[in-house]
Amino acid sequence: MKRTRDDMEIVWQTPANPPDRHDYILRDGMRYVRPYYFEFISHVKNRWANKTIVDLFTEEFKGRPRDYYVSAVKAGRIQVDGRIVPISYVVQPSQKISHFVHRHEPPVMAWDIEILHREAEVLTVSKPASVPVHPCGQYRKNTVVGILQAEHGLAPLFPIHRLDRLVSGLLILARSASRADLFRQQIESGMVQKQYIARVDGVFPEDEQVVDANVNYNAREGMSTVEVGDDYINGNASAKGKSACTKFTRINTNGSHSIVLCEPITGRTHQIRVHLQCTGHPIANDMLYLSKSVTKRSSEGLGADRAAAKSNLSVDQSSHQNHKDEADNVAEEDFRIDPMCTNCPNLAPKGYDGHEEGLWLHCVKYTGPDWVYECPYPDWAFLS
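Since we're looking at a predicted model, the values are computed, not measured.

A. How the structure looks around the sheet that holds strand 4 (residues 30-33). Pairing is antiparallel across the open sheet formed by three strands, whose spatial order is 3-4-9. Whereas interior strands pair on both sides, the edge strands pair on one side only; in this sheet they are strand 3 (24-27) and strand 9 (108-109). Sheet topology places strand 3 next to strand 4; four bridges connect them, and they run antiparallel. Of the residues in strand 4, the one forming a bridge with Y24 is V33.

B. Seen up close, helix 1 (residues 53-60). Looking only at helix 1, the buried set comprises I53, V54, L56 and F57. Buried residues along helix 1 cover an arc of 160° about the axis, so they all sit on one side.

C. The sheet that holds strand 8 (residues 96-103), seen in detail. The strand order 5-8-6-7 describes an open sheet built from four strands, whose pairing is antiparallel. Of all strands in the sheet, those bounded by a partner on one side alone are strand 5 (36-43) and strand 7 (83-84). Of the strand pairs in this sheet, strand 6 (residues 78-80) and strand 7 are connected by two bridges, and their pairing is antiparallel. When the bridges of strand 7 are listed, Q79 appears paired with I84. Sitting on the sheet, helix 1 touches strand 6 and strand 8, and the angle it makes with strand 8 is about 60°. In this fold helix 2 (residues 66-75) packs onto strand 6, strand 7 and strand 8, with an angle of close to 110° to the strand it touches most, strand 8.

D. Examining the packing of helix 1 against helix 2 more closely. Running from N to C, helix 1 and helix 2 point in directions that differ by 140°, and their axes come no closer than 9 Å. One finds that helix 1 runs oblique with respect to helix 2. Judged by the sense of rotation from one axis to the other, the crossing of helix 1 with helix 2 is right-handed. Facing helix 1, whose interface residues are I53, V54, D55, F57 and T58, helix 2 presents R66, Y69, V70 and V73. For the contact of helix 1 with helix 2, the per-class residue count stands at six nonpolar, one polar and two charged.

E. Geometry of the nonpolar core. Core analysis: the biggest nonpolar cluster contains 81 residues, and I53, L148, I172, Y196 and L276 have the highest contact counts within it. Excluding residues that lie within four positions of it along the chain, L276 makes contacts with A198, V200, F204, F248, C262, H281, P282 and I283. M30, Y32, M109 and L347 belong to the second largest nonpolar core, which has 10 residues in total.

F. Just the packing of aromatic side chains, in detail. Per the counting criterion, the structure on display carries 10 aromatic pairs. Considering the side-chain rings of F204 and F248, the 6.2 Å spacing of their centres and the 65° angle between planes classify their relative orientation as edge-to-face. Placement of F204 in the loop between strand 14 (193-201) and strand 15 (209-212) and of F248 in strand 19 (residues 245-253) is noted, with a sequence separation of 44 residues between them. We classify F248 as buried; its relative accessible area is 0%. Between Y377 and F382, the aromatic rings sit 6.4 Å apart at their centres with planes inclined by 45°, giving tilted as the arrangement. When its relative accessible area of 57% is taken as the criterion, F382 is described as exposed. Ring pairing ties together the aromatic residues W48, F57, F61, Y68 and Y69, which thus form one cluster. Sitting over the ring of Y68, R64 keeps its end group 5.2 Å from the ring centre.

G. Quick peek at the pairing of strand 11 (residues 122-127). Counted residue by residue, strand 11 has six buried out of six residues, so it is predominantly covered. The alternating pattern of strand 11 places V122, T124 and S126 and L123, V125 and K127 on opposite faces, both of which are buried. Here four bridges tie strand 10 (residues 114-118) to strand 11, and the two strands are oriented antiparallel to one another. By the bridge assignment for strand 11, E114 is matched with S126.

About the cut-offs
- Residues numbered from 1 in each chain as written.
- Predicted model: local features only at pLDDT ≥ 70, side-chain atom pairs only at ≥ 80, totals over all residues.
- Heavy atoms only, no water.
- Pairing = 2+ DSSP bridges.
- Helix = DSSP H or I, 4+ residues; strand = E, 2+ residues; numbered from the N terminus.
- Buried < 20%, exposed > 50% of the residue type's maximum accessible area, 1.4 Å probe, protein only.
- Arc of directions from axis to C-beta.
- Contact = heavy atoms within 4.5 Å.
- Axes fitted to C-alpha atoms, helices over the stretch in contact; angles between N-to-C directions.
- Parallel < 35°, antiparallel > 145°, perpendicular 65-115°, else oblique.
- Left-handed = near helix turned anticlockwise from the far one by under 90°.
- Nonpolar A, V, L, I, M, F, W, Y, C, P; charged D, E, K, R; others polar.
- Core = buried A, V, L, I, M, F, W, Y, C linked by side-chain atoms within 4.5 Å.
- Phe/Tyr/Trp six-rings, centres within 6.5 Å; stacked < 30°, edge-to-face > 60°.
- Lys NZ or Arg CZ within 6 Å of the ring centre and 35° of its normal.

Next up, the structure:
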């Protein structure tokens, strides 16, 4: 869709527009997306009905101030059923609402997505930490699926298992919907074994540890709690979570941290992270689940490890050499500033400063009835 403003022509993108290599800006160890014009489409829910268009956006989409929504409606940046409406317009159920925005995606760390295995119907990659698997929330192009399409022409791709944004490691993608369904059936039937490694605080017990404790995820707080009989971790005695079980085996330790093999029997949100917290040995850089009992020694060690991680990232960036010059040229160009945009002139959206770290949690192996896929260990898994 094209629209002409006094000083330029705007081309509005939709989910049907594929990402392109030129959309990315590599800068200071981070991968940014050049801001672009995008049409968000939604339909009026019953609970939205009989509200004015401005009240609806102000109450349901709190990321922007009311004044912005007033201006957006007047300028035609917010439309109903393809029509410009007055700010007093009252919406009705099922009407189509379009919000035309200057979209700024959050940055992710600029690691390469290493292709581990490629065949006719299956692709496996080593997912970098901080990069979401598929479009969600504010992320669309800065995703594993988007980057693989932009840089390798690989599409369509169907992720067959979850891997949280801050987790790294093995990601299996089917290259057809039928193959994806087969993988998912095997996973749901309990025919697939999963293995992760984690770097945890302290000296993990030498004997195998099994945590069989319900996990309850609170979407509003963005974290999980654990139930162990009548004893509730994180002080949430009213939680009614889903059954969850994880096996843990120590691989090695240096006295401060331990590398632990994690084998989740179930697949709950943040299961490994909160079950490790339950053992008293949370992931050593997991600020969400680090307990108050974590020692000062660990915090000091974490600072050194962060410095080492940033150094490793700088070295690893040499793998981008094939398109580094192209990326540098993009980075030096000014992107188009939109006068109505609440994020301009910043490259990243408000609230994202580009400084975040991946968790020391890495998927290393998936084993099915007649297949096995593996991923190499990350540098942080080798203790000194």
